[in-house]
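# Coordinate analysis (summary)
Residues per chain, in single letters:
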Amino acid sequence: MSASTLRSPTSPVPHAAGRNTVARSVRAELFRLRAWPAMWATLGTWFLLATVFGYVFPYISYTTGSAGFSTEGQPAEALLQGVLPESVPDVLVQGTPLFGGALVLVLGALVAGNGYTWGTWKTVFTHGRLRPTIGALLALAVIVAAMVIVTAVLCTTISVVLATVESQPLTWPAATDLLRSAGTAYLVFMMWATIGFALGTYARSAALSVGLGLVWTLVVENLLRGVGSALPLVQDVTAFLPGTAAGSLVGAVTGAGQGTPGVVDVISGPRAVITVTAYIVVAVVTTGILVRRRDVN
């Protein structure tokens, strides 16, 4: 009697094969993205912006005695304090709700949308649709995790250098604060990345999904929050928007006020965590439904 005949219907072999397929999809997607200039350009832009707005501008304002951009009105001691190692948890997340989130949304939209533009999804989906999509999403999650880790290392390195230059003591942040900020950054980035991936899957176009995502994150939500200050009904609606959830979550972690772009104080921290997580789940499920049920030919 053959082995296939003896194998029970509940044999774990097919499940192991499925896991191997997903693992291969993740490795293949990471290999593809590693050689993709657009990904490095997007990540490099984030690291540059995090450095400039988190350290370069505040330090220049401190050294020149000016009170430019968002640090207007702050004493010199507060500016210096903000670029020292103990402030790394705050700097790590302060740019994630707005320009960081917009960049990650672009990355997610490009990962999904270019697969349709170049015709690669059409070929891959001939061997199954759901597992390659899961592999791409998991690869995106790995990239986002690496992005947060590198940002933390970058912020720590720059802050140590500035503390040394200014002859300040190296006061390290509490490990719990750093982990909380890293987790917050990861949640916010994953929300925008999965939304971008869902947009790219829906539009089947990198350019259209990127355009829609940027208009929403940078224009529409800000306009709605501005109108909401005069219209209570609109204000109630904005409390459920992804940008509001991300900004409120960062605000709850850092205690930052309206002076930080994208950071708001609209909903509580626990509710913001639930809302951000809900957006991730909805985006992933929506992507799966689109991939399984829609004709990709």
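In the block above lies the structure referred to throughout.
Parameters and conventions
- Residues numbered from 1 in each chain as written.
- Predicted model: local features only at pLDDT ≥ 70, side-chain atom pairs only at ≥ 80, totals over all residues.
- Heavy atoms only, no water.
- Helix = DSSP H or I, 4+ residues; strand = E, 2+ residues; numbered from the N terminus.
- Buried < 20%, exposed > 50% of the residue type's maximum accessible area, 1.4 Å probe, protein only.
- Contact = heavy atoms within 4.5 Å.
- Areas by Shrake-Rupley, 256 points an atom, 1.4 Å probe, with all protein chains shown as cover.
- Axes fitted to C-alpha atoms, helices over the stretch in contact; angles between N-to-C directions.
- Parallel < 35°, antiparallel > 145°, perpendicular 65-115°, else oblique.
- Left-handed = near helix turned anticlockwise from the far one by under 90°.
- 1 Å grid on protein atoms, 1.4 Å probe; cavity = no way out; pocket = protein on both sides within 12 Å on 5 of 7 lines; lining within 4 Å.
- Points joined across faces, edges and corners; volume = space filled by probe spheres on them.
- Nonpolar A, V, L, I, M, F, W, Y, C, P; charged D, E, K, R; others polar.
- Expected span 1.5 Å × (residues − 1).
- Salt bridge = Lys/Arg side-chain N within 4 Å of Asp/Glu carboxyl O.

Next up on the list: the overall build of the chain. Scanning the chain from terminus to terminus reveals 13 helices and zero strands. Listing each helix as α and each strand as β along the chain from the N terminus yields α-α-α-α-α-α-α-α-α-α-α-α-α. When each of the 297 residues of the chain is scored for burial, the buried share is 43%. Taking the contacts inside the chain whose residues are at least 6 apart along the sequence as the reference set, 79% of them involve residues at least 24 apart. Per element, the accessible surface of the chain, about 14700 Å² overall, is 68% carbon and sulfur.

For the rest of this paragraph, the subject is the packing of helix α3 (residues 37–64) against helix α8 (residues 130–165). When two helices pack together, their arrangement is given by the angle between the helix axes and the distance between those axes. Two numbers describe how α3 lies on α8: the axes approach to 11 Å, and their chain directions differ by 30 degrees. In terms of orientation, α3 lies roughly parallel with respect to α8. Handedness of the α3/α8 crossing: right-handed. Residue-level contacts link Met39, Leu43, Trp46, Phe47, Thr51, Tyr55 and Tyr59 of α3 to Ile143, Met147, Val150, Thr151, Leu154, Cys155, Ile158, Ser159, Leu162 and Val165 of α8.

Our next topic: empty space enclosed by the protein. According to the stated counting rule, one finds one cavity of 30 Å³ or more in the structure shown. What the largest cavity holds in volume is close to 50 Å³. Taken together, Pro97, Leu98, Trp192, Thr217, Glu221, Arg225, Gly243 and Gly262 make up the full set of residues lining the largest cavity. Those elements giving two or more residues to the lining of the largest cavity turn out to be α6 (96–117) and α10 (206–228). Tallied by class, residues from the lining of the largest cavity come to three nonpolar, three polar and two charged.

Mapped onto the elements, Val161 comes out in helix α8. Looking at Val161, the relative accessible area reads 45%, which means it is partly exposed. The sequence separation of Val161 and Val83 amounts to 78 residues, and the corresponding C-alpha distance is 9.8 Å.

A few words now on helix α12 (residues 242–254). Along its 13 residues, α12 runs 18 Å from first to last C-alpha, staying within 8% of the 18 Å computed at 1.5 Å per residue. Within α12, 11 of the 13 residues are buried, which leaves the element mostly enclosed by the surrounding structure. Of the residues making up α12, those classed as buried are Pro242, Gly243, Thr244, Ala245, Ala246, Gly247, Ser248, Leu249, Val250, Gly251 and Thr254. Remark: Gly255 follows α12 within two positions and exhibits a positive phi of approximately 75 degrees.

In this fold, Thr133 is placed in helix α8. Excluding anything up to four places from it in sequence, Thr133 contacts Phe125, Phe197, Thr287 and Val291.

Let us now look at the side chain of Thr201. Checked against the element boundaries, Thr201 lands in helix α9 (residues 175–203). Judged by relative accessible area, which is 1%, Thr201 ranks as buried. Excluding residues that lie within four positions of it along the chain, Thr201 makes contacts with Ala112, Tyr116, Thr287, Leu290, Val291 and Arg294.

Under the defined criterion, the tally for this structure stands at two salt bridges. A salt bridge links Arg32 to Glu29, with the shortest nitrogen-to-oxygen separation between them at 2.3 Å. In this pair, Arg32 and Glu29 both sit in helix α2 (residues 13–34), three residues apart, roughly one turn of the helix. For Arg32, a relative accessible area of 25% gives the class partly exposed. Exposure remark for Glu29: the relative accessible area of 9% places this residue in the buried category. The partner of Arg180 in a salt bridge is Asp177, with the nearest N and O atoms 2.6 Å apart. Residue Arg180 and its partner Asp177 are both found in helix α9; the two are separated by three residues, about one turn of the helix. Given a relative accessible area of 42%, Arg180 falls into the partly exposed group. Since its relative accessible area comes to 29%, Asp177 is described here as partly exposed.

With that settled, the discussion passes to the packing of α12 against helix α13 (residues 269–293). Relative orientation of the contacting elements α12 and α13 amounts to 140 degrees, with a least axis distance of 8 Å. It follows from the interaxial angle that α12 and α13 lie oblique. In this structure, α12 meets α13 at a crossing whose hand is left-handed. Contacts between α12 and α13 pair Pro242, Ala245, Ala246, Ser248, Leu249 and Ala252 from the former with Gly269, Ala272, Val273, Thr275, Val276 and Tyr279 from the latter. Of the residues contributing to the contact of α12 with α13, the split by class is nine nonpolar, three polar and no charged.

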